Amino acid sequence: MASEKTFVMFKPDCLERGLVGRILTRFEEKGLRLVAMKMLRITPAVAKQHYAEHVEKPFYPGLEEFITASPVVACVFEGPEVIRVVRDMLGATSGLKATAGTIRGDYSSSKQMNLVHASDSSESAEREIGIYFEPSEIQAWDPTLACWYQAPGEA
Ligand code: CMP
């Protein structure tokens, strides 16, 4: 199984509620490999670039106001099937619909304030990683304990 990368962003509600550490721990405990991380404030221009497919939707003005309101933490995780694995861990877009046990199901009661964004396809992942990170900011590394998370040939 080829390893892939996904873009994950802890949104302003996650920082304001002090949930970054708790949710990051879930990804780490799952065994996902963190390869890049930075804190930044999203500008309206970057919001329009990131959410290009939603700019014409009725909820976009509120989404832009929300996503630019406080800092975010942007990350890249790497691993086999990591795009799907992270989306499964997040649950449905709306915290009201997300299954209990998923991140949104456990911590969110909102469609907009759903705590964490994650890429939904390899094309989105490549595009979104490119918005927030230079290639030189992404670390290629092999954690010492990786051999205790996946058998040889799985990663
Ligand atoms: P995200 O996974 O980052 O992708 C698009 C975001 O738009 C989504 O999470 C929510 O934060 C927001 N969003 C999606 N649908 C709605 C909606 N109907 N009303 C308000 N915000 C929404």
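Now for a quick tour of the structure. (Residues numbered from 1 in each chain as written. Predicted model: local features only at pLDDT ≥ 70, side-chain atom pairs only at ≥ 80, totals over all residues. Heavy atoms only, no water.)

Within this structure, the stated rule accounts for three aromatic pairs. When the ring of Phe-7 is compared with that of Tyr-132, the centres are 4.7 Å apart and the planes differ by 10°; the resulting orientation is stacked. Placement of Phe-7 in strand E1 (residues 3-10) and of Tyr-132 in helix H7 (residues 122-132) is noted, with a sequence separation of 125 residues between them. You can call Tyr-132 buried: its relative accessible area is 6%. Among the aromatic residues, those joined into a ring-pair cluster are Phe-10, Phe-27 and Phe-77. (Phe/Tyr/Trp six-rings, centres within 6.5 Å; stacked < 30°, edge-to-face > 60°. Helix = DSSP H or I, 4+ residues; strand = E, 2+ residues; numbered from the N terminus. Buried < 20%, exposed > 50% of the residue type's maximum accessible area, 1.4 Å probe, protein only.)

Turning our eyes to something else, we now look at the site of the ligand. Lys-11, Tyr-51, His-54, Phe-59, Leu-63, Arg-104, Lys-111, Gln-112, Asn-114 and His-117 make up every residue found near the ligand. At a separation of 3.1 Å, an oxygen atom of the ligand approaches a polar side-chain atom of Asn-114. For the ligand, an oxygen atom lies 2.9 Å from a polar atom in the side chain of His-117. Contact with the protein chains removes 82% of the 460 Å² of surface that the ligand exposes when unbound. Residue composition of the shell around the ligand, by class: three nonpolar, four polar and three charged. (Near = heavy atom within 4 Å. Polar contact = N/O pair within 3.5 Å; in protein donor to acceptor, adjacent residues only side chain to side chain. Areas by Shrake-Rupley, 256 points an atom, 1.4 Å probe, with all protein chains shown as cover. Nonpolar A, V, L, I, M, F, W, Y, C, P; charged D, E, K, R; others polar.)

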